[in-house]
Amino acid sequence: MNDSGYWIGENIFSKLECDDLLQSLSNSTVKRGRAGARNLMRNPAISMLASENRLLRIAEMMLGRSAVPYKATLFDKSGKANWLVAWHQDTALPLMNRVEKAGWEHWSEKAGILYAHAPAWALSRILAIRIHLDASTRTNGPLKIIPGSHVKGVMTDEEVKTIVNAETHVECLVGQGGVLAMSPLLIHSSSKAQTEESRRVLHIEYTDSLELDRDIRLAIA
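Let me begin by describing the structure that accompanies this report. (Residues numbered from 1 in each chain as written. Predicted model: local features only at pLDDT ≥ 70, side-chain atom pairs only at ≥ 80, totals over all residues. Heavy atoms only, no water.)

So, about the packing of aromatic side chains. Given two aromatic rings, their pairing is described by the distance between the two centres and the angle made by the two planes. The tally for this structure, following the rule as stated, stands at 1 aromatic pair. Aromatic side chains Trp104 and Trp121 sit 6.1 Å apart centroid to centroid with 80° between the ring planes, which places their arrangement in the edge-to-face category. On the criterion of sequence distance, the pair formed by Trp104 in the loop between strand S5 (92-95) and strand S6 (105-110) and Trp121 in helix H4 (residues 120-123) is long-range, its members being 17 residues apart. With relative accessibility at 6%, the residue Trp104 sits in the buried group. Taking the relative accessible area as the measure of exposure, Trp121 reaches 36% and is therefore partly exposed. In this structure, Lys110 is placed above the aromatic ring of Tyr115, and the distance from its NZ or CZ to the ring centre is 5.1 Å. (Phe/Tyr/Trp six-rings, centres within 6.5 Å; stacked < 30°, edge-to-face > 60°. Helix = DSSP H or I, 4+ residues; strand = E, 2+ residues; numbered from the N terminus. Buried < 20%, exposed > 50% of the residue type's maximum accessible area, 1.4 Å probe, protein only. Lys NZ or Arg CZ within 6 Å of the ring centre and 35° of its normal.)

Right, dumping it as structure tokens:
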């Protein structure tokens, strides 16, 4: 992972490829909610995309080792499905089974898949790649990040608040077909969209191995 904890690449996918992806995500086999769709690694088109060389090269560059996709989610923000995301880290991981080990806590179940908040050593082996199916602009609720904050490990809400108040944030403006790769430990947020324009992002998570430790295996979601 580089010092900033994130990387942006423009024009990784063409407009036609973005349109084709949106079409595959609009068919009747994809269970859509108001703000997007979860568990998309079960969709053949998304699973194939996640293992495509362009994305694997980016994931391997950031992780510094081999990369395996395991989770995919569509975020669909617009004037009709609009929300504010407070500053936070992404610390929950999908797991095959429950484990009683230090650092794994706050267990829950979503759509039949177990999740737990993970320790920093596990999250340091995770990378999120966000494919921008629409351009991310200053007015449609872009992602905001605190560069370099991923090196501080898992933080409490108060620690996150302290860093946000002390550090300068960056708006991640990415064109259609562009990609943002980031550590889940990077402190990030997004504001509500100010216009009706859509901001659809396909969020795919990678790891260097599904086997994080003895008896700790990531689930496909």
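There is more to say, and it comes next.
Here the focus is the sheet that holds strand S7 (residues 113-117). Sheet architecture is open: 3 strands sit in the order S5-S7-S6, paired in antiparallel fashion. A strand with exactly one partner marks an edge of an open sheet, and here the two such strands are S5 and S6. Between one strand axis and the next, the sheet turns through 30° on average, direction left out of account. Direction of pairing for S5 relative to S7: antiparallel, over a ladder of 4 bridges. Bridged to Ala92 within S7 is His117. (Pairing = 2+ DSSP bridges. Axes fitted to C-alpha atoms, helices over the stretch in contact; angles between N-to-C directions.)

Below, the discussion takes up the pattern of salt bridges. Applying the stated criterion across every chain, the model contains 10 salt bridges. Note that Arg54 is salt-bridged to Glu17, the shortest N-O span being 2.8 Å. Taken together, the residues Arg54 in helix H3 (residues 53-63) and Glu17 in helix H1 (residues 15-25) connect sequence positions 37 residues apart. According to the relative accessible area criterion, Arg54 is partly exposed, its value standing at 23%. Taking relative accessible area as the criterion, Glu17 reaches 28% and is therefore assigned partly exposed. Between Arg125 and Asp208 there is a salt bridge, with the nearest N and O atoms lying 2.9 Å from each other. Of this pair, Arg125 sits in the loop between H4 and strand S8 (126-132) while Asp208 sits in the loop between strand S13 (199-207) and strand S14 (211-213), placing them 83 residues apart in sequence. Grouping residues by exposure puts Arg125 and Asp208 together as buried. Among the charged side chains, a salt-bridge network with shared partners connects Glu17, Glu52 and Arg54. (Salt bridge = Lys/Arg side-chain N within 4 Å of Asp/Glu carboxyl O.)

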